[in-house]
Amino acid sequence: MAHAHDPRSVLITGASSGIGAALAEAYAQPGVRLFLSGRDAARLDEVRARCAAAEVEVRVLDVADAKAMAQWIAEADSTAPLDLVIANAGISGGTAGAGEGEDQVRRIFAVNLDGVLNTLWPVIPAMRARKSGQLAIVSSVAGFRGMPGAPAYSASKAAVLAYGDALRGELHADGIRVSVVCPGYVVSRMTDANDFPMPFFMTAEKAAGIIKAGLSAGRARIAFPWPMRLIMTSFALLPACLRVWLFSRLPKKG
Ligand SMILES: NC(=O)c1ccc[n+]([C@@H]2O[C@H](COP(=O)([O-])OP(=O)(O)OC[C@H]3O[C@@H](n4cnc5c(N)ncnc54)[C@H](OP(=O)(O)O)[C@@H]3O)[C@@H](O)[C@H]2O)c1
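Being a predicted model, the structure only gives us computed values, none of them experimental.

Some details on the packing of aromatic side chains
Okay, so step 1: Summed over all chains, the structure comprises two aromatic pairs.
Okay, so step 2: Each ring, one from Tyr-185 and one from Phe-196, has its centre 6.4 Å from the other, and the planes form 65 degrees; the classification is edge-to-face. A residue pair is termed long-range when its members are at least 10 positions apart, and Tyr-185 in the loop between strand E6 (176-183) and helix H7 (189-192) and Phe-196 in the loop between H7 and helix H8 (204-216) qualify at 11 residues.
Okay, so step 3: By relative accessible area, Tyr-185 is classed as partly exposed at 24%.
Okay, so step 4: Centroid distance Phe-235 to Phe-247: 5.2 Å. Interplanar angle 80 degrees. Geometry classified as edge-to-face. Here Phe-247 lies in helix H10 (residues 240-248) and Phe-235 lies in helix H9 (residues 226-237), a separation of 12 residues in the sequence.

What follows is the structure in C-alpha cells.
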C-alpha cells in the first residue's frame, strides 16, 4: 500500500524497458495511477501487466513529438493531477569507427534534450498553479563532462543536468521539487549494446530503488553508485589535456 506522502499520480517516459520499466514497477502500488509511455507497444503492454497493482495507462508516442507529448500530458493531468513526472526516455549511439554522424547527433539531442523539455513544460504551469509537484530528469554520470566516446550523449546529458539544477532553484518558490538523476552503468537495452566491461554494473531494479528513495527525500541530485560518482567527479576535475587523453582511450560503443 502507498504511504500518505507517496506520489499518487506518476508519469514516466521511456517506461517500456530498463530503468523506466523498473521505476514503473517500483511505483506500482494500490491507489497509484501510472501514465507510461514509450514507442514499443508490445513492451509497454508487458510492463503494464507487471504493474497491475496500480491503475495503469500506457501511450505509444515519441518524446520528440512536442505536440503529441503536450496533449498526452494534459490528458493525464486532467485525469489525475500529476504528483511526479519522470523524464526518463533517452538514447545513446555508437561512436566506434568513423565516430558520430550528423543524423545520430541530431537524433540524440532531439530525444535526450527536446524530449525532456517536451515532458516537463506541459506540466509546469499546472504544478505551479497547484503549488506542488515533483519533476525528475534522468541525466547520467556521463553528463559530468564531455566524453570523447559519446559526444552527443554526454552533451545532451550535461544540458539536462544543468537545466534541472537551474529549474530546481527557479521552481522552488512555486512549491515544485526538481531532482536530477545521474546513474552509472545499469542493466538495460541501452547497455546490452556495450561489449566492454562496465564497472559497478547494477540491475535496473536496484537503480529504481535508489532513484525512488532519492526522489522521496527530494534530493537535488541522485548520482549512483557512489564509486562511479566519485570516479566521474574526479575525472571531471582533471585538466583538459589529461582528461581528453584518458577518455579517448576508453572503449567505445559499437
Ligand atoms: N543504462 C545505463 O547504464 C544508463 C546510465 C545512465 C543514464 N541512463 C539513462 O537512463 C534512461 C533510460 O535508459 P535505459 O538505460 O533504461 O535504456 P533502455 O532500456 O534503452 O530504455 C530507454 C527507454 O526510452 C524509450 N525511448 C527511447 N527513445 C524514445 C523516444 N524517441 N520516444 C519515447 N521513448 C523513447 C525506450 O522505449 P521504446 O524503445 O519503446 O521507445 C525505453 O523505454 C535514459 O535516459 C538513459 O540515457 C542509462
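From this point, things continue past the structure.
A closer look at unusual backbone geometry
Okay, so step 1: Here the residue pair Phe-224 and Pro-225 is connected by a cis peptide bond, since its omega of -10 degrees sits within 30 degrees of zero.
Okay, so step 2: In this structure, Pro-225 sits in the loop between strand E7 (221-224) and H9.
Okay, so step 3: Of note, the phi angle at Lys-131 is positive, near 60 degrees, even though the residue is not glycine.
Okay, so step 4: With respect to the helices and strands, the residue Lys-131 is situated in the loop between helix H5 (124-130) and strand E5 (133-138).
Okay, so step 5: Non-glycine residue Phe-200 carries a positive phi angle of around 55 degrees.
Okay, so step 6: With respect to the helices, strands and loops of the structure, Phe-200 is situated in the loop between H7 and H8.
Okay, so step 7: Residue Phe-200 is classed as partly exposed on the basis of its relative accessible area of 40%.

Side note on the site of the ligand
Okay, so step 1: Inspection of the region around the ligand gives 32 residues, with Ser-16, Ser-17, Arg-39, Tyr-153 and Ser-188 positioned closest.
Okay, so step 2: Ser-17 places a side-chain nitrogen or oxygen 2.5 Å from an oxygen atom of the ligand.
Okay, so step 3: With respect to the ligand, the side chain of Arg-107 contributes an N or O atom lying 3.3 Å from a nitrogen atom.
Okay, so step 4: For the ligand, whose accessible area on its own is 880 Å², the fraction buried by protein is 96%.
Okay, so step 5: Those elements that provide at least two residues to the shell around the ligand are helix H1 (18-27), helix H4 (102-120), helix H6 (151-172) and H7.
Okay, so step 6: Among the elements that make up the shell around the ligand, the one with the highest residue count is H7 (three residues).
Okay, so step 7: Per-class residue counts for the shell around the ligand are 13 nonpolar, 12 polar and seven charged.

Looking at the sheet that holds E6
Okay, so step 1: Pairing is parallel in the open sheet, where seven strands are placed in the order E3-E2-E1-E4-E5-E6-E7. Of all strands in the sheet, those bounded by a partner on one side alone are strand E3 (55-60) and E7. Put simply, the sheet's adjacent strands are angled 15 degrees from each other on average, direction ignored.
Okay, so step 2: Where strand E1 (residues 9-13) and strand E4 (residues 84-87) come together, three bridges link them in parallel fashion. Counterpart to Val-10 in the pairing with E4 is Leu-84.
Okay, so step 3: Sheet strands touched by H6: E5, E6 and E7. Its angle to E6, the strand with the most contacts, is close to 160 degrees.

Concerning the pairing of strand E2 (residues 33-38)
Okay, so step 1: Summarising burial for E2: five of the six residues are buried, a large majority.
Okay, so step 2: With five bridges connecting them, E1 and E2 associate as parallel partners. Within E2, the residue paired with Ile-12 across the bridge is Leu-36.
Okay, so step 3: For the segment spanning E1, H1 and E2, crossover handedness is right-handed.

A closer look at the side chain of Ser-188
Okay, so step 1: Mapped onto the elements, Ser-188 comes out in the loop between E6 and H7.
Okay, so step 2: Given the relative accessible area of 15%, Ser-188 is considered buried.
Okay, so step 3: Among the polar contacts listed, one links the side chain of Ser-188 to the backbone nitrogen of Met-190, at a separation of 3.1 Å.

With respect to the side chain of Asp-174
Okay, so step 1: Position of Asp-174 among the secondary structure elements: in the loop between H6 and E6.
Okay, so step 2: Asp-174 sits in the buried class, given a relative accessible area of 13%.
Okay, so step 3: Setting aside chain neighbours within four positions, we find Asp-174 in contact with Met-127, Arg-128, Lys-131 and Ser-132.

Thresholds, definitions, all that
Residues numbered from 1 in each chain as written. Predicted model: local features only at pLDDT ≥ 70, side-chain atom pairs only at ≥ 80, totals over all residues. Heavy atoms only, no water. Phe/Tyr/Trp six-rings, centres within 6.5 Å; stacked < 30°, edge-to-face > 60°. Helix = DSSP H or I, 4+ residues; strand = E, 2+ residues; numbered from the N terminus. Buried < 20%, exposed > 50% of the residue type's maximum accessible area, 1.4 Å probe, protein only. Near = heavy atom within 4 Å. Polar contact = N/O pair within 3.5 Å; in protein donor to acceptor, adjacent residues only side chain to side chain. Areas by Shrake-Rupley, 256 points an atom, 1.4 Å probe, with all protein chains shown as cover. Nonpolar A, V, L, I, M, F, W, Y, C, P; charged D, E, K, R; others polar. Pairing = 2+ DSSP bridges. Axes fitted to C-alpha atoms, helices over the stretch in contact; angles between N-to-C directions. Contact = heavy atoms within 4.5 Å. Right-handed = clockwise from strand over helix to strand, strands pointing away.

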